[in-house]
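Coordinates in review
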Amino acid sequence: MSRAAARRFASILETVGNTPVVRVNNVAPKHVNMFVKVEAFNPLGSVKDRLALGVIEDAERRGTLKPGQTVVEATSGNTGIGLAMVCAQKGYPLVVTMAETFSVERRKLMRFLGARVVLTPAAERANGMVKKAQELAAKHGWFQSRQFDNEANADMHTRTTAQEILKDFQGEKLDYWVTGFGTGGTLKGVGRVLRKERPETKIVVCEPSVAPMVGSGSAQPRDPDGLPSGSHPAWTPHPHQGWSPDFISSLTQHAIDDKLFDQVLGIDNADAMKWSRELARREGIFVGISSGATFAGAVKVAAQAPQGSNILCMLPDTGERYLSTPLFGEISVDMTQEEIDIAKSTPSAQIATPTPPAPQTK
């Protein structure tokens, strides 16, 4: 049932997916048709709602998640928020491990939804929070959802995200699909469908220019079981939360090995911030830093694309996860001088404005 047609749902979980593809009109180059898939329309505001539902329901079907068993996951925030929603609705306790550097909004949202949030040292990066989740699962007998290597993550995108894209471009060409990678679930799950059903579509992967793990071609250090054993040598810190952890996940490695993309683009931090703000101020599309980064990649693609090309860009999450980050650093809580002048242009309902302190004299 489509989101537009449905008015009643058996639970919040039925509202996951079926996110809209929206044309970008004001900031896109005029010679192409630019579209964005706005994953903020998921119930908890990000593409990770899909994987959260997918991994839990897969574990239920397999019998690896028992009724009432605690779920544990390492997350930069969005997967944890999605899991908090799913676990709240289904009655599973949830513990998430998260590096202390990620935005406080994410911690509060997960706790508000009933999850417990265990912070890990910034210096240990994403690998540290993954190791902590593994330890907790082993010690307490908890179910670890393993977003970075769980095939149910990619399978969910094959069943939902990819099918939605095929439907939305049925009878039309789709020249480019632009995405980040993160866990690798979206890239692998959608990429393998497009390779089969729309082989003419060029798949473009974006990553931070300061952390060119895929573009560098350098191997990811791995344990004998194939899981990352440490940080990738090309990774350095960046503000794109959840968009590129400090390792290449197993799912992303599958996409690399299976050649599920045609091009890799490095995105500067400043461009990610710029395009997130531009989408908000000129299109009314409110998204986060990782979305701005992916859109910056789509703009790069458009600059080289032939006339009339159709470009689809993934926008992973809402901008509300970033209120305490540099993305909102220039946004004032108090009225700006321009706003004060507007207020003073009529006589009613004026609040007192702060008076600058008088110069001190010796």
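This section reports on the structure supplied with the text. (Residues numbered from 1 in each chain as written. Predicted model: local features only at pLDDT ≥ 70, side-chain atom pairs only at ≥ 80, totals over all residues. Heavy atoms only, no water.)

Section: the environment of Pro 224
- Residue placement: Pro 224 occurs in the loop between α8 (213–216) and α9 (250–257).
- The exposure class of Pro 224 is exposed, given its relative accessible area of 90%.
- Sequence separation between Pro 224 and Arg 62 is 162 residues; the distance between their C-alpha atoms is 25 Å. (Helix = DSSP H or I, 4+ residues; strand = E, 2+ residues; numbered from the N terminus. Buried < 20%, exposed > 50% of the residue type's maximum accessible area, 1.4 Å probe, protein only.)

Section: the pattern of salt bridges
- Counted according to the given criterion, the structure contains 15 salt bridges.
- A salt bridge links Asp 175 to Lys 173; the nearest nitrogen and oxygen atoms lie 3.7 Å apart.
- For Lys 173, a relative accessible area of 41% puts it in the partly exposed group.
- A network of salt bridges, in which partner residues are shared, links Lys 37, Glu 39, Arg 50 and Glu 164. (Salt bridge = Lys/Arg side-chain N within 4 Å of Asp/Glu carboxyl O.)

Considering the sheet that holds strand β4 (residues 94–99)
- Across the sheet, which stays open at both edges, the 4 strands sit in the order β5-β4-β3-β6 with parallel pairing between neighbours. Only two strands of the sheet have a single neighbouring strand rather than two, namely β5 (116–120) and β6 (143–144).
- Pairing analysis gives 2 bridges linking strand β3 (residues 71–74) to β6, with the strands arranged parallel. Note on β6: the bridge partner recorded for Val 71 is Phe 143.
- The sheet strands contacting helix α4 (residues 125–140) are β3, β4, β5 and β6, and the helix crosses β4 at an angle near 155°. (Pairing = 2+ DSSP bridges. Contact = heavy atoms within 4.5 Å. Axes fitted to C-alpha atoms, helices over the stretch in contact; angles between N-to-C directions.)

Things to note about the pairing of strand β7 (residues 176–179)
- What you see with β7 is no split at all: Tyr 176 and Val 178 on one side and Trp 177 and Thr 179 on the other are buried throughout.
- Traced from β7 through helix α7 (residues 185–197) to strand β8 (residues 202–208), the parallel crossover comes out right-handed.
- Where β7 and strand β10 (residues 310–315) come together, 3 bridges link them in parallel fashion. Bridge pairing in β10 places Val 178 opposite Cys 313. (Right-handed = clockwise from strand over helix to strand, strands pointing away.)

Description of the packing of aromatic side chains
- Within this structure, the stated rule accounts for 4 aromatic pairs.
- Aromatic side chains Phe 35 and Phe 169 sit 5.6 Å apart centroid to centroid with 85° between the ring planes, which places their arrangement in the edge-to-face category. Here Phe 169 lies in the loop between α6 (161–168) and β7 and Phe 35 lies in strand β2 (residues 33–38), a separation of 134 residues in the sequence.
- What makes Phe 35 buried here is its relative accessible area of 14%. (Phe/Tyr/Trp six-rings, centres within 6.5 Å; stacked < 30°, edge-to-face > 60°.)

Things to note about α6
- When we look at burial in α6, the residues that qualify are Thr 161, Ala 162, Glu 164, Ile 165 and Leu 166.
- Buried residues along α6 sit against β2, α1 (48–62), α5 (151–159), β7, α7 and β10.

Things to note about helix α2 (residues 78–90)
- Taking 1.5 Å of rise per residue, 13 residues should cover 18 Å, and α2 covers 18 Å from first to last C-alpha, within 8% of that figure.
- The buried fraction of α2 amounts to 10 of the 13 residues, a majority that puts the element mostly inside the structure.
- Every buried residue of α2 is accounted for by Asn 78, Thr 79, Gly 80, Ile 81, Gly 82, Leu 83, Ala 84, Met 85, Val 86 and Cys 87.
- In this structure, the buried side of α2 is in contact with α1, β3, β4 and α3 (104–112). (Expected span 1.5 Å × (residues − 1).)

Focus on the pairing of β3
- The alternating pattern of β3 places Val 71 and Glu 73 on one face and Val 72 and Ala 74 on the opposite face, and all of these are buried.
- Sheet topology places β3 next to β4; 4 bridges connect them, and they run parallel. Counterpart to Ala 74 in the pairing with β4 is Thr 97.

Examining the sheet that holds β8
- Pairing within the open sheet is mixed, and its 6 strands lie in the order β1-β2-β10-β7-β8-β9. Every other strand in the sheet has two partners, leaving β1 (21–23) and β9 (263–267) as the edge strands with one partner each. Taken pair by pair, the neighbouring strands of this sheet meet at an average axis angle of 25°, ignoring direction.
- Relative to β2, β1 is paired through 3 bridges, and the arrangement is antiparallel. Considered in β2, the bridge of Arg 23 is made with Phe 35.
- Helix-sheet contacts for α7 involve β7, β8 and β10, and the interaxial angle to β7 is about 170°.
- Across the sheet, helix α11 (residues 289–304) lies against β2, β7, β8, β9 and β10, angled at about 165° from β10, the strand it touches most.

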